[in-house]
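These are the residues of each chain, in order.
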Amino acid sequence: MKTFKMGGVHPEENKISNDAAIEVMPVPQQMVVLMNQHLGAPATPVVQKGDKVKVGQLIGEAQAFMCANVHSPVSGTVVKVDTCKDAFGLTKPAVYINVEGDEWMETIDRTPDIKRECTMEPKEIVAKLKEMGIVGLGGATFPAHIKYSIPEGKKAEYLIINAAECEPYLTSDYRVMMEHAEEVCIGVSILRKALGVPNAYIGIESNKPLAIQKMQETAKQFEGIVIEPLKVKYPQGAEKQLINAVTGRKVPSGKLPIDVGCVVSNLGTSFSVYEAIQKNKPLIENILTVTGKKLPSQHNYVVRIGTTYNDIIKHSIGELPATTGKVISGGTMMGKAVVNLDAPTVKGNSSVLVMDEAEARRNPETACIRCGKCMHACPMGLEPYLFSALVKNNRIEEAKEHNILDCIECGCCFFSCPANKPLTDEIRLGKNKVRAMMAAKK
Amino acid sequence: MTQQILIAVLVLGVIGAFFAVVLYFVAQKFKVVEDPLIDEVAEVLPGANCGGCGKAGCRAFAEACVSQGNLDGLRCAPGGDAVAQKIAQLLGCAVEQGEPQVAVVRCHPANCGEKRRSNYDGLRSCAFQNTVYTGESGCPFGCLGCGDCVAACQFDAIHMDPETGTPVVDEAKCTACGACAKACPRRIIELRNKGKKDRRVYVSCVNKEKGAQAMKTCANACIGCGKCAKVCPMEAITVADNLSYIDYTKCIACRKCVVECPTHAIVDVNFPAPAKKPEAPKPAEAPAAPAAQAPVPEAPKAQPVAAEAQKAQ
C-alpha cells in the first residue's frame, strides 16, 4: 500500500464519531459572519445596516487578489457591520444578521436530485468558484479560484483529492464519502475538467475500508477517477506528503505542488465544488464533527457557517462536561484551542473536539536527550531539535539555512519527543523570526 | 656531551631567529592600523553589550564614536552622562546632557492576575504567544506574561511579579538601554524620562479597542474618552485610536489627569502617598515640600517602585 517515504507518526486514531450520520444543525437566532474566513485579505462588506439579506446572498466581496467572497448563511436583517472577536480572541471585521425565517436565493437549486452533466468551460468553472466563495476546506482555506488558475508556463498533470483524514478524531470527510459519494465524484470530475488533467486520484487511508469500497463502486461510473488506498500514517493529508504518497514525486524546498505538476484539494472542497457548480449554492455550510471521549454522544453536523461554538455545543451535547480542559477546532495534531466559545465558526472548520483536562494537559518539559526521534518523525526531513536550539539562541540566519521555512507545522516532532519539548512551537516562532528578518532585509 | 647540547642550542637558536625574522616581516605586512582611541573609549564603556545604542556591542559603539569624532546621535544608555562625559573628554568634543530615562511597563498590574480567561500552556515566549492568540487576560494589547523582557535585560532590572504576572522595573538598576522595549512583541514597554524626583505620570494601557470593548476585557483600560486631554494645562495629552498618550517632554506631573481618568488608567508613581486627600492637584510641579513627609524619603531608589506600566506605540 502506498504512503509517503519520509517520517510520519501514527497517533491514536480515535475516530469515535464514525457512525454518526450527518445531521442538520438548526439555524441560530443571531448570526455573525466574519469577513476574514480565508487565507489572505478580508472581504469588503457590501451590505449596510438595515439591509434585508437572503440565504446565499453576497455580503462580502473579494476585492484583493488573495481573497474570497463571503455569502450570507441565513436570511434576515443586517443589524450592524462592525467587528467581532474570533475563536482566538482576535478582532476581525464582521456582519451581524438578525435571523428571520429561512428564505433562500431563487437561483439556488435546493432539490435533492443529483445533477451529473456539467457543460461549463474550464474558465467558467474557475470564475464560478470565485463567485461562490469556494476555499480549500482542508484547513488552510486557500481560495480555490487561485489554486485552479494555473500560472503560465506551468502544467497540471495530476489532480489529487485528499480524503486521507489523517487527523485523529475527525470524521466529517468520512461521513461525506459515505453519504455523498456520487456528489463528491461529480465535484472531482468538475475539478478535473477545470484543470484538463486525464486522471484524478482520491487518496483514502486504509482505516476507512467502507469508504474505500463505497468510493470505488461510485468511481466506476465516472471517467478518470482513481481511488488510492493509503497506509495509515500522519500527516498523509498534508499536500506535499500526499503528492509523495500518490505519485512518488517530491516537491522541492520552497516550491509549490504545481511545480511538480500536482494540484491537491480536500474532499470537502470537492463536495462544495459540486454544490457551487451544479446547484449554484455558495459556500455557506460546513460539515463538522462534534466529538470527544468524555462526551455523552458523538455527532456529525452540517452547520451554517457563522453558528457559534456555544450554539453547536448547546444543540449537540447540552453543555460541556465539568472536566473539560480544551475545546479544539480541528484535530489533535494541528487543531487550535478555542479561547472564545462565543465566536462564530468560519469556512474550513472541521470539528469541535472537546478534550478532557487530563487528556489536554501538556506534560512538563525536560531536557533534550539527543535521541533523534524528532528527526525520524519529521515528514519534511528537517532537524527539529536543532531549530529549537538555534531559535533559543537567536541564530536565525542559521535556522534559515537549515530550511526552517520548509516546516509544515504538522506537530510530529512534538508528538514524538520523549522530553515533551514544545518543538513545533519553537519552530513556528523561528519561522516568524526568519520571515521578519527577510522582510527587514528587503 | 657538551657538544651535543651546543648543537641542540644552536639549531634551535637558528630556527628561532629565522622565524622571528619571518614573523617580523609578516607582522609589518599585515599590520592593522587601529586608532588607539577606540581601545580607550571601549575601556570607558560599561561592557555589557546590551545593544541599547543600536550597535552590535560596546566595541562597535566605540568604533562609531571614534570614526564620527563626536557624540551626535550616539548615546550609551547604561553609562549615562558620566560615561558620555568621559568619552567626550577622550574625543575632545562637547556633550549634551540627556534627560535620564527609565523603562515603564504600560499595562495595569492591578488587573492582571485576576480574571484569566484561558490558561496558556504553550512555549513560554511572548513573541510566540502573541502569534497564537490574545493571551490569558483576553486583552489583545495587554501583557502576555511570559517574560521576554526579563530575558532580554542584561542588568537584572526587570522581573515578573508572580502575583500580577506582569513585569516590574527595578528603577535603581534600569539603565534605559531599551532592550526590554524591543523584546516586547506588544510594545507595552516604553522609555520615558525619569522626571523630577523620579515622579512620573503616564497612561498605563495600550489598548486601542473602542471604549466599550476595552472595558469588557479590563476595568483599567484606557477608553479614549479624552477627559484627560481636556484637563491637561500643558496640552501634553493626545488621544488617537481610542487611546490617550502623555508626552513626557511636556508633562509637568500636575496629576490633574490622574484624578480625571474614569477608569484609573492613568497612574502616577513615586508621589507621596495622599496624607488626607490630595487637595486639588496643584497645577505646577508635584508639591515639593510635602515630599519630606512622604514615606519614601531619601534614597528612594532602594525601594522597587510598584510596577511601572507604560505605553509604546
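This structure is a prediction, so every number in the text was calculated from the model and none was measured.

1. Some thoughts on the overall build of chain A
Turning to step 1, where the next piece is worked out: Each helix and strand counted, chain A has 14 helices and 17 strands in total.
Turning to step 2, where the next piece is worked out: Taken against the 2.2 N^0.38 rule, which gives 22 Å for 442 residues, the C-alpha radius of gyration of chain A at 21 Å falls within 12% of a compact globule.
Turning to step 3, where the next piece is worked out: Along the three orthogonal principal directions, the C-alpha set of chain A runs to about 65 × 50 × 50 Å.
Turning to step 4, where the next piece is worked out: With 442 residues in all, chain A has 51% of them scored as buried.

2. Some points on the interface of chain B and chain A
The parts lose accessible area when they come together, and the size of an interface is often stated as this lost area.
Turning to step 1, where the next piece is worked out: The interface of chain B with chain A comprises 13 residues on the first partner and 13 residues on the second.
Turning to step 2, where the next piece is worked out: The class makeup of the residues in the side of chain B that touches chain A is five nonpolar, six polar and two charged.

3. Looking at the sheet that holds strand β11 (residues 225–230) of chain A
Residue and element names in this part refer to chain A.
Turning to step 1, where the next piece is worked out: On the basis of which strands lie adjacent, the open sheet formed by four strands has the order β11-β10-β9-β12 and parallel pairing. The sheet is open, and its two borders are formed by β11 and β12 (262–266), each paired with just one other strand. Neighbour to neighbour, the strand axes of the sheet diverge by 25° on average, direction disregarded.
Turning to step 2, where the next piece is worked out: Of the pairings in the sheet, the one linking strand β10 (residues 200–205) to β11 comprises six bridges and is parallel in character. Each residue of the ladder has a partner; that of Ala200, found in β11, is Ile225.
Turning to step 3, where the next piece is worked out: Its contacts with the sheet place helix α7 (residues 267–279) against β9 (158–163) and β12, and it is angled at close to 80° to β12.

4. Considering the domain arrangement of chain A
Turning to step 1, where the next piece is worked out: Annotation of chain A at the domain level lists domain 1 (25–100 + 284–359), domain 2 (122–279) and domain 3 (373–441).
Turning to step 2, where the next piece is worked out: Measuring from the centre of the C-alpha atoms in domain 1 of chain A to the corresponding centre in domain 3 of chain A gives 31 Å.

5. Focus on the domain arrangement of chain B
Residue and element names in this part refer to chain B.
Turning to step 1, where the next piece is worked out: With domains assigned, chain B is organised as domain 1 (36–91) and domain 2 (101–273).
Turning to step 2, where the next piece is worked out: Centre-to-centre, using C-alpha coordinates, domain 1 lies 31 Å away from domain 2.
Turning to step 3, where the next piece is worked out: Taken together, the contacts link six residues of domain 1 with seven residues of domain 2.
Turning to step 4, where the next piece is worked out: Of the residues that constitute the side of domain 1 that touches domain 2, the class distribution is four nonpolar, two polar and no charged.

6. Observations concerning the packing of helix α4 (residues 181–195) of chain A against α7(A)
All names here are of chain A.
Turning to step 1, where the next piece is worked out: Running from amino to carboxyl end, α4 crosses α7 at an angle of 80°, the nearest separation of the two axes being 7 Å. As judged from the angle between their axes, α4 and α7 are roughly perpendicular. Between α4, through Glu183, Val184, Ile186, Gly187, Val188, Ile190 and Leu191, and α7, the contact on the second element is made entirely by Leu267, Ser270, Phe271, Val273, Tyr274, Ile277 and Gln278.

7. A short note on the pairing of strand β8 (residues 91–99) of chain A
All names here are of chain A.
Turning to step 1, where the next piece is worked out: Alignment of strand β2 (residues 30–34) against β8, held across five bridges, turns out to be antiparallel. Each bridged residue has a counterpart across the sheet, and for Met31 the counterpart in β8 is Ile97.
Turning to step 2, where the next piece is worked out: Across nine bridges, strand β7 (residues 76–85) lies against β8 in antiparallel orientation. For Lys85, the partnering residue across the bridge sits in β8 and is Thr91.
Turning to step 3, where the next piece is worked out: Hairpin connection, β7 to β8: the antiparallel pair is bridged by five residues, and Gly89 has positive phi, about 85°.

8. Some details on the sheet that holds strand β4 (residues 52–53) of chain A
Turning to step 1, where the next piece is worked out: Spatially, four strands are ordered β2-β8-β7-β4 (chain A) in an open sheet, and the strand pairing comes out antiparallel. Edge positions in the open sheet fall to β2 and β4 of chain A, since each of these has one partner strand only.

9. Remarks on helix α4 (residues 80–91) of chain B
Turning to step 1, where the next piece is worked out: Its 12 residues place the ends of α4(B) 17 Å apart at the C-alpha level, agreeing with the 16 Å of an ideal helix rising 1.5 Å per residue.
Turning to step 2, where the next piece is worked out: Gly92(B) sits one or two residues past α4(B) and shows a positive phi near 70°.

10. Comments concerning the packing of helix α3 (residues 172–179) of chain A against helix α5 (residues 209–219) of chain A
All names here are of chain A.
Turning to step 1, where the next piece is worked out: Across the interface, α3 lies against α5 with an axial gap of 9 Å and an inter-helix angle of 40°. By the angle between their axes, α3 is oblique relative to α5. The two elements α3 and α5 meet at a crossing, and its hand is left-handed. Note on element contacts: α5 touches α3 through Leu210, Ala211, Lys214 and Met215, opposite Tyr174, Met177 and Met178.
Turning to step 2, where the next piece is worked out: Split by residue class, the contact of α3 with α5 holds six nonpolar, no polar and one charged.

11. A closer look at the nonpolar core
Turning to step 1, where the next piece is worked out: Counting 128 residues, the largest nonpolar core has Ile160(A) and Ile202(A) as its most contacted members.
Turning to step 2, where the next piece is worked out: Counting residues per element, this core draws most heavily on α4(A), which supplies eight residues.
Turning to step 3, where the next piece is worked out: Ignoring sequence-local partners within four residues, the contact set of Ile202(A) consists of Ile161(A), Ala163(A), Val188(A), Met215(A), Ile225(A), Ile227(A) and Glu228(A).
Turning to step 4, where the next piece is worked out: By size, the runner-up hydrophobic cluster in this structure holds 69 residues, among which are Ala103(B), Cys143(B), Tyr245(B) and Ile266(B).

12. Topic: unusual backbone geometry
The general pattern is negative phi for most residues beyond glycine and trans for most peptide bonds.
Turning to step 1, where the next piece is worked out: Cis peptide bonds are those with omega within 30 degrees of zero, and the linkage from Tyr234(A) to Pro235(A) qualifies with 0°.
Turning to step 2, where the next piece is worked out: Phi is positive for Asn49(B), which is not a glycine, with a value near 50°.
Turning to step 3, where the next piece is worked out: Within the fold, Asn49(B) resides in the loop between α2 (36–44) and α3 (58–68).
Turning to step 4, where the next piece is worked out: The backbone phi angle of Arg187(B) is positive, close to 55°, even though this residue is not glycine.
Turning to step 5, where the next piece is worked out: In this fold, Arg187(B) is placed in the loop between α7 (179–183) and β4 (189–193).
Turning to step 6, where the next piece is worked out: Looking at Arg187(B), the number of C-beta atoms within 10 Å reads 14, which means it is partly exposed.

13. Notes on the confidence of the model for chain B
Residue and element names in this part refer to chain B.
Turning to step 1, where the next piece is worked out: On average, residues of chain B carry a pLDDT of 81, and 85% of them reach 70 or more.
Turning to step 2, where the next piece is worked out: Under a pLDDT of 50 for its full length, residues 278–313 has, in the predicted model, 79 contacts with residues more than four places off or in other chains.
Turning to step 3, where the next piece is worked out: Predicted complex, confidence summary: ipTM 0.87, pTM 0.83.

14. So, the pairing of β12(A)
All names here are of chain A.
Turning to step 1, where the next piece is worked out: Burial of β12 is extensive: five of the five residues sit out of reach of the surface.
Turning to step 2, where the next piece is worked out: Across five bridges, β9 lies against β12 in parallel orientation. What sits directly across from Leu159, in β12, is Val263.

Criteria and thresholds
Throughout, a residue's number is its position along its own chain's written sequence, starting from 1. Chains and ligands are labelled by the order in which they are written, letters from A for the one and numbers from 1 for the other. Side-chain atom pairs in this predicted model are given and counted only at pLDDT of 80 or more, local residue features only at pLDDT of at least 70, and totals for whole chains, interfaces and linings cover all residues. Secondary structure elements follow DSSP: runs of H or I of four or more residues count as helices, runs of E of two or more count as strands, with numbering from the N terminus. Throughout, the radius of gyration refers to the C-alpha atoms, and the reference size of a globule is 2.2 Å times the residue count to the power 0.38. Here the C-beta atoms are placed from the backbone, and a residue counts as buried if at least 20 other C-beta atoms lie within 10 Å of its own, exposed if 12 or fewer do, and partly exposed otherwise. The contact criterion used is a C-beta to C-beta distance within 7 Å, with each C-beta placed from the backbone. Three classes are used: nonpolar for Ala, Val, Leu, Ile, Met, Phe, Trp, Tyr, Cys and Pro, charged for Asp, Glu, Lys and Arg, and polar for all others, with Gly counted as polar. At least two DSSP bridges between two strands are required for those strands to pair. Whenever a helix is involved, its axis is fitted only over the stretch in contact; in every case the axis is a line through C-alpha atoms, and angles between N-to-C directions fall within 0 to 180 degrees. For each domain, the first and last residues come from an automatic or database assignment. Any angle that is under 35 degrees is reported as roughly parallel, and any over 145 degrees as roughly antiparallel; angles of 65 to 115 degrees are reported as roughly perpendicular and all others as oblique. The length a helix should cover is 1.5 Å for every residue beyond the first. In this scheme the crossing of two helices becomes right-handed for a clockwise turn of the near helix relative to the far one and left-handed for an anticlockwise turn of less than a right angle. Put simply, a nonpolar core is buried Ala, Val, Leu, Ile, Met, Phe, Trp, Tyr and Cys residues tied into one set by C-beta atoms within 7 Å. As a per-residue measure, pLDDT tells how confident the predictor is, with possible values from 0 to 100.

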